[in-house]
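Commentary on secondary and tertiary structure
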Amino acid sequence: SSAYETMTSSVSENQPTTWSSFFFDLHCLLFLAPLGIYRCISEPNERSFLLIFYFFASLFLSALKVRFIVLFAPAACIIGAIGASSLLSKNFLHVKSSKKVSRKGTEDTTNRDIALLLLLALFFLFIMFLWHCSWVTSVVYAPSTLKFAGRQSDGNRTRFEDMEEGMTWIRDNTDKDARVLSWWDHGHELASLADRVTFLDASGYNLSQVAAVGAIMALPEEEAAARCRNMGVNFVLVRFGGMTSFASDDISKFLWMVRAAGKELKEPEDAFLSAGGVLRVGKEGSRRFRSSLLYRLSFHRFSSQVSEFGRPAGFDRVRGEVAEGGKEPLQHFEEVFTSQHWLLRLYRVKNL
């Protein structure tokens, strides 16, 4: 169904792979792999054909979803190593055997000099490849979802522990039978770390529940509060990255919530977009988007906060613009917790 596809597609790992993702993960292997393919074709045998088939089959799969790059990486390493070996062996041979004598009787070292330059270039490329791989594995892929590195407003690197801080606060300061509504990304943390009832998680898809939660996030505050009360929701949790430049926050996934809501919403997706057809949080953004519950909860009180040195108050570091609104008081929700770096924000649904 469309709701199931929306849930699956909302995960960044399930998006089609871009060329920038290929280069980020594979670096110089993208350029060495064609040389390896040529070497395998020029020396045909069963092993070469198997490698070529493995390479293109895994390449096809990796182009479908980002998560399948893990299947393509070993094939790219093997084929890229064959290409690198071919370049190195040919240039080493030129360095050893290039001793031609010119017409004037002097030794012609042009080919040897070119080979030495190519070897130095390859050596530099391999050093950069090692540095890039070490940086990617230690900075980008190593951090967990509970603790990750980032930069503060003054530019200094720090370690954000807002997720653990927030889940601990919820566990210690809310009733054991409290029901917390959030987008499905946070369902597992709420259930396992905070030990609270949640409405969505990644273990199973209740499609009607997905549509209901997506609609609540997209509806204006008053309508969303009414639905929350009907569903027995006590708290609403949102993840906001505008203060810390955390790009995978709930605002970035808002359109997926709208798509998941489907017929639960009266307006089409275009109603939440700016005149340019994109999701904007500033003055050029859609008024309908700024009236949505997710926007109101994410940017509540944010207009007075300085997120980055040299930027005006209310500057969203993810979207790259000053957010419009955030000064109006909430009527149906009460802020009860905001983590140190504003990554997690928890609101209580007011009783009538």
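Presented here is a report on the structure given in the accompanying data block. (Residues numbered from 1 in each chain as written. Predicted model: local features only at pLDDT ≥ 70, side-chain atom pairs only at ≥ 80, totals over all residues. Heavy atoms only, no water.)

Counting its secondary structure elements, the protein chain contains 13 helices and 11 strands. In the protein chain, which comprises 352 residues, the proportion classed as buried is 41%. At a minimum sequence separation of 6, the contacts of the protein chain that also span at least 24 residues come to 62%. Working note: accessible area of the protein chain is about 19,000 Å², and carbon and sulfur atoms make up 58% of it. (Helix = DSSP H or I, 4+ residues; strand = E, 2+ residues; numbered from the N terminus. Buried < 20%, exposed > 50% of the residue type's maximum accessible area, 1.4 Å probe, protein only. Contact = heavy atoms within 4.5 Å. Areas by Shrake-Rupley, 256 points an atom, 1.4 Å probe, with all protein chains shown as cover.)

Put simply, the second largest pocket is a space of about 160 Å³. What lines the second largest pocket is simply L35, Y38, R39, S42, E43, G83, S86, L87, S89 and K90. Broken down by secondary-structure element, the contributors of at least two residues to the lining of the second largest pocket are α3 (29-42) and α5 (69-97). For the lining of the second largest pocket, the element with the highest residue contribution is α5, accounting for 5 residues. Considered class by class, the residues forming the lining of the second largest pocket number 3 nonpolar, 4 polar and 3 charged. (1 Å grid on protein atoms, 1.4 Å probe; cavity = no way out; pocket = protein on both sides within 12 Å on 5 of 7 lines; lining within 4 Å. Points joined across faces, edges and corners; volume = space filled by probe spheres on them. Nonpolar A, V, L, I, M, F, W, Y, C, P; charged D, E, K, R; others polar.)

With that settled, the discussion passes to the pairing of strand β11 (residues 344-349). Burial of β11 is extensive: 5 of the 6 residues sit out of reach of the surface. As paired elements, strand β7 (residues 235-239) and β11 share 5 bridges and run antiparallel to each other. What sits directly across from V236, in β11, is Y347. Hairpin connection of strand β10 (residues 333-338) to β11: 5 residues between the antiparallel strands, including W342 at a positive phi of 70°. (Pairing = 2+ DSSP bridges.)

What follows deals with the environment of R67. One can find R67 in the loop between α4 (46-64) and α5. Judged by its relative accessible area of 39%, R67 is partly exposed. Through-space distance from the C-alpha of R67 to that of Q15 is 8.4 Å; in sequence the pair is 52 residues apart.

Okay, helix α9 (residues 207-218) next. For an α-helix, 3.6 residues make a turn, and residues three or four places apart therefore share a direction. Taking 1.5 Å as the rise per residue, α9 with 12 residues should run 16 Å; its terminal C-alpha atoms sit 17 Å apart, in good agreement. Where burial is concerned, most of α9 is hidden: 9 out of the 12 residues are buried. Within the sequence span of α9, burial applies to V210, A211, A212, V213, G214, A215, I216, M217 and A218. (Expected span 1.5 Å × (residues − 1).)

Now for the nonpolar core. Grouped together as the largest cluster of nonpolar side chains are 44 residues, with contacts concentrated most on V236 and F333. Mapped by element, the contributors of at least two residues to this core are α9, α10 (221-231), β7, α11 (254-261), α13 (293-298) and β11. For F333, the contacting residues outside a window of four places in its chain are E221, A225, C228, V236, L293, L297, Y347, R348, V349 and K350. In this structure, L32, A33, I37 and A76 belong to the second largest nonpolar core, which totals 18 residues. (Core = buried A, V, L, I, M, F, W, Y, C linked by side-chain atoms within 4.5 Å.)

When you tally the buried positions in α11, you get 7 out of 8 residues, the bulk of the element. Looking only at α11, the buried set comprises F254, L255, W256, M257, V258, A260 and A261. Once α11 ends, the next one or two residues include G262, with phi positive near 60°.

Here we come to the packing of helix α2 (residues 19-26) against α3. Between α2 and α3, whose axes approach to 9 Å, the crossing angle comes to 85°. Comparing the axis directions of α2 and α3 gives the class roughly perpendicular. Facing α2, whose interface residues are F22, F23 and L26, α3 presents L29, L30 and F31. (Axes fitted to C-alpha atoms, helices over the stretch in contact; angles between N-to-C directions. Parallel < 35°, antiparallel > 145°, perpendicular 65-115°, else oblique.)

Everything listed here is a matter of geometry and, on its own, says nothing about what the molecule does.
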